[in-house]
Amino acid sequence: MKKVGKRAGPKSARAAAPAWPKPAVRRPSWPVWAGLAAAAFAALLAYAPAIAGPFVFDDRYLPFMHPAQQQAPLMNWLLGVRPTLMFSYWLNYRTDGVNPLWYHIANVLLHLGAALMVFLIARKFLAWSGADGWRRDAIAVFAGGLFLLHPLQTEAVAYIASRSENLSVFLCYGALAVFLYRKTPSISFPRALAVLALFAGAVTTKEHTAVLPLLLLMTDYYWNPGFSFQAIRRNWRLYAPMAAAGAAGMLFVWNTLRTADTAGFSLKGLSWYEYFYTQCRAIWIYVRMFFLPYGQSVDHDYPMAKSWLEPGTLAGFLGLCALVAAALLLRKKYRLASYGILAFLLLLAPTSSFVPIRDALVERRFYLPSIGLLLVVADLAARWRASRATVAAAMAAVLLACGVLTYRRNEVWSDSIALWKDAAAKSPGNWRAHFQLAYAYFENQRCAEAVEEYTKAGELDQSDVRLFVNWALAYDCAGRPEAALTKLLHAAKMEPSAHVYSQAAMIYGKQGRSEEALAALDAAEKLQPDFAMLYVYRGNVYFNAGDPARAAAEYRRALAIDGSLDVARRALMTAELRMKQPPR
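These numbers were taken from a predicted model, which means no experiment stands behind them. (Residues numbered from 1 in each chain as written. Predicted model: local features only at pLDDT ≥ 70, side-chain atom pairs only at ≥ 80, totals over all residues. Heavy atoms only, no water.)

Caption draft 1: Broad picture of the nonpolar core. Among the nonpolar cores identified, the biggest contains 94 residues, and Phe-125, Tyr-173, Phe-179, Leu-215, Leu-216, Leu-238 and Tyr-339 are the most heavily contacted of them. The biggest single contributor to this core is helix H7 (residues 100-128), with 13 residues. Core analysis: the next-biggest nonpolar cluster, separate from the first, contains 66 residues, Leu-419, Ala-440, Phe-543 and Ala-551 among them. (Core = buried A, V, L, I, M, F, W, Y, C linked by side-chain atoms within 4.5 Å. Buried < 20%, exposed > 50% of the residue type's maximum accessible area, 1.4 Å probe, protein only. Helix = DSSP H or I, 4+ residues; strand = E, 2+ residues; numbered from the N terminus.)

Right, dumping it as structure tokens:
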């Protein structure tokens, strides 16, 4: 009787824990592999337009596009601040050079891996919340599928320069999954090492994942055994090295932010509190785009708030306070939703709180914190007491709709003109959108349209010298050399540089105005003697004037400065061949 009474009595704290029963061993079966194959097919189909597309925007300035970096040994790639990211680019380059296809496929496969981690994470949390059987598995599949097919994830996947988001989140979610699927409340040393290794990979891909230790602490507090600090003390073997690594990482990030030119506390014209005011509104835009995915853009041109009095700022702040308060007050009744809300805000904090960043609203920043809102959705879905058929049909309909929207969003990302035309249409007063659209037209030899877009950009702002240089090249391309020279002379007055004078010389040379071309190149040489292209242009002037010997000498000067300059090497070969020919 004592044994019966003992079993029927109050549960101990450990028995009340929602986690770590000994799981039954399951071998992969055909439904598992069929599900993975279906997910891979859905991802490749949804992202097909971007997969087949070119490099866009900053993709073209990544390290693997530079000849010097292409020939560098692996160690040179790994010496920067994001070695894991650079290693992934190095692997891509060694596999297929600068063919964008395999860079896009790699991003989609990483996205697929992150979606699988979301499935595993959601499944574990749902089990701890009391969901079981088909409902637990169906909602976990839905959470992973929604992560995989949501259109708001497109920028993080279709944009090769967003590999930092793509890869870091895969590793970060992997670390969380390894942490969750331990067999006992106290983490073992081997599993702790696995979590630390994945965490190190995530942080050395992108620094925003440095908040993972805080997420793990919150996870132990919420679930092990539940609203207790007991597990945090028990898992010292993980948190002690994480704290040391996190402190070192935070110090490095802090020093970087003090000197960075696009983010950090040294940004001119943007204080930390103005950025915070702005994020009080911007966070709600992310939430709205998650539940109602419309109005997406590569460049939102979101205005900075200067005070609490601007529309939406105070309301946004009070709304966030109310959301956090509700999550805390209802944490026992809606544990998973409460955890998801706090996780969302925590993971979003590195880019959307106090640290100023030049662009206030960027869609790829949603990629890491999206797991939080997915868990909120999972909690709500688990409480929906509808029939199996109704639940499955509703989830399938949502995933299908998201897949269609993601495909359409990828059509925009499949082409530079489409990408920036979309941004300019949604934000007509966005200078950068018109500037980039003009450049995309110019690259595609649609010169008249390029001139038109540069004109629109000029009507918005004429403070950037790049506008006048590119505007001039568009005019030259459109067959209007005098208009091009007018823009270049204006650029030279704004900011004299060897590049500006060299471009003027190039246009003079094409018109046969050799003296003016040489004068412009002399001015360029005085400003920057080591600017290799000026010697190429000077060589071209001499060559067109029938003096290949002097042209060859200029090309050699260019190559002495930059040995990787192919245009100079080809021009030198042509000049030397001309020198060998008998005079006419």
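Let's pick the thread back up.
Caption draft 2: Geometry of the pattern of salt bridges. Summed over the entire model, instances satisfying the criterion amount to 28 salt bridges. Where Lys-456 meets Glu-452, a salt bridge forms, and the shortest distance between an N and an O atom there is 3.9 Å. Taken together, the positions of Lys-456 and Glu-452, both in helix H22 (residues 447-460) and 4 residues apart, correspond to about one turn of that helix. Using a relative accessible area of 44% as the deciding quantity, one classes Glu-452 as partly exposed. Across the pair Lys-456 and Glu-453 runs a salt bridge whose closest N-O atoms are separated by 3.4 Å. Of this pair, Lys-456 and Glu-453 both sit in helix H22, 3 residues apart, roughly one helical turn. By sharing partners, the salt bridges in this structure join Asp-522, Glu-525, Arg-538, Glu-554 and Arg-557 into a single network. (Salt bridge = Lys/Arg side-chain N within 4 Å of Asp/Glu carboxyl O.)

Caption draft 3: Inspection of the side chain of Asn-470 at higher detail. Looking at where Asn-470 falls in the secondary structure, it is placed in helix H23 (residues 465-477). Exposure remark for Asn-470: the relative accessible area of 17% places this residue in the buried category. Dropping the residues within four chain positions of it, Asn-470 is found in contact with Phe-435, Tyr-439 and Tyr-454. (Contact = heavy atoms within 4.5 Å.)

Caption draft 4: Spotlight on the state of the cysteines. For the structure on display, the rule yields 1 disulfide. With its sulfur 1.6 Å from that of its partner, Cys-447 forms a disulfide with Cys-477. Taken together, the residues span a long stretch of sequence, with Cys-447 in helix H22 and Cys-477 in helix H23 at a distance of 30 residues. (Disulfide = S-S within 2.5 Å.)

Caption draft 5: The arrangement of the side chain of Arg-135 in detail. Its location among the elements puts Arg-135 in helix H8 (residues 133-149). One buried charged residue, Arg-135, remains without a salt bridge, the closest side chain of opposite sign being Asp-132 at 7.1 Å. Within the structure, the side chain of Arg-135 is placed 2.7 Å from the backbone oxygen of Trp-384, a separation counted as a polar contact. Setting aside its immediate chain neighbours within four residues, Arg-135 contacts Ala-381, Ala-382, Trp-384, Arg-385, Ala-386 and Val-391. (Lys, Arg positive; Asp, Glu negative; His and termini not counted. Polar contact = N/O pair within 3.5 Å; in protein donor to acceptor, adjacent residues only side chain to side chain.)

Caption draft 6: Spatial organisation of a nonpolar patch on the surface. Where nonpolar side chains cluster on the molecular surface, the patch consists of Val-32, Trp-33, Leu-36 and Leu-116 and spans about 360 Å² of accessible area. Ranked by residues supplied to the nonpolar patch, first place goes to helix H2 (residues 30-46) with 3 residues. If you trace the backbone, Leu-36 turns up in helix H2. (Patch = residues over 30% accessible without salt bridge, like charges linked within 9 Å, V, L, I, M, F, W, Y side chains within 5 Å. Areas by Shrake-Rupley, 256 points an atom, 1.4 Å probe, with all protein chains shown as cover.)

Caption draft 7: Expanded view of the packing of helix H21 (residues 431-443) against H22. At a minimum axis separation of 8 Å, H21 and H22 run at an interaxial angle of 160°. One element, H21, and the other, H22, form an angle in the roughly antiparallel class. Taken as a pair, H21 and H22 cross one another with a handedness that is left-handed. For the pair H21 and H22, the contacting residues are Trp-431, His-434, Phe-435, Leu-437, Ala-438, Tyr-439, Tyr-441 and Phe-442 in the first and Glu-449, Ala-450, Glu-453, Tyr-454, Lys-456, Ala-457 and Leu-460 in the second. (Axes fitted to C-alpha atoms, helices over the stretch in contact; angles between N-to-C directions. Parallel < 35°, antiparallel > 145°, perpendicular 65-115°, else oblique. Left-handed = near helix turned anticlockwise from the far one by under 90°.)

Caption draft 8: Spatial organisation of the packing of helix H24 (residues 481-494) against helix H25 (residues 498-510). Running from N to C, H24 and H25 point in directions that differ by 160°, and their axes come no closer than 9 Å. One way to sum up the angle between H24 and H25 is to call them roughly antiparallel. The two elements H24 and H25 cross, and the hand of that crossing is left-handed. Residues Pro-481, Ala-484, Leu-485, Leu-488, Ala-491 and Ala-492 of H24 touch H25, and the partners they reach there are Val-500, Tyr-501, Gln-503, Ala-504, Ile-507 and Tyr-508.

Caption draft 9: Layout of unusual backbone geometry. Positioned with a positive phi, Phe-57 is a non-glycine residue whose angle comes to about 50°. With respect to the helices, strands and loops of the structure, Phe-57 is situated in the loop between helix H3 (48-51) and helix H4 (67-70). Phi is positive for Asp-301, close to 50°, though the residue is something other than glycine. Considering the arrangement of structural elements, one finds Asp-301 in the loop between helix H15 (272-291) and helix H16 (313-329). By relative accessible area, Asp-301 is classed as partly exposed at 40%.

Caption draft 10: Just the environment of Leu-251, in detail. Within the fold, Leu-251 resides in helix H14 (residues 236-259). When its relative accessible area of 54% is taken as the criterion, Leu-251 is described as exposed. A C-alpha to C-alpha distance of 48 Å links Leu-251 and Trp-30, two positions 221 residues apart in sequence.

Caption draft 11: Molecular detail of the packing of aromatic side chains. Within this structure, the stated rule accounts for 34 aromatic pairs. Ring geometry for Phe-87 and Trp-90: centres 5.8 Å apart, planes at 15°, overall stacked. With Phe-87 and Trp-90 both in helix H6 (residues 83-96) and 3 residues apart, the pair spans about one turn of that helix. Look at Phe-87 and you get partly exposed, because its relative accessible area is 34%. Centroid distance Phe-290 to Phe-291: 4.8 Å. Interplanar angle 80°. Geometry classified as edge-to-face. Given the relative accessible area of 6%, Phe-290 is considered buried. One aromatic cluster is present, built from ring pairs that chain together Trp-272, Tyr-273, Phe-276, Tyr-277, Trp-308, Phe-317 and Phe-354. The cationic tip of Arg-237 hangs over the ring face of Phe-189; the distance from NZ or CZ to the ring centre is 4.7 Å. Taking the ring centre of Trp-471 as reference, the NZ or CZ of Lys-487 above it sits at 3.8 Å. (Phe/Tyr/Trp six-rings, centres within 6.5 Å; stacked < 30°, edge-to-face > 60°. Lys NZ or Arg CZ within 6 Å of the ring centre and 35° of its normal.)

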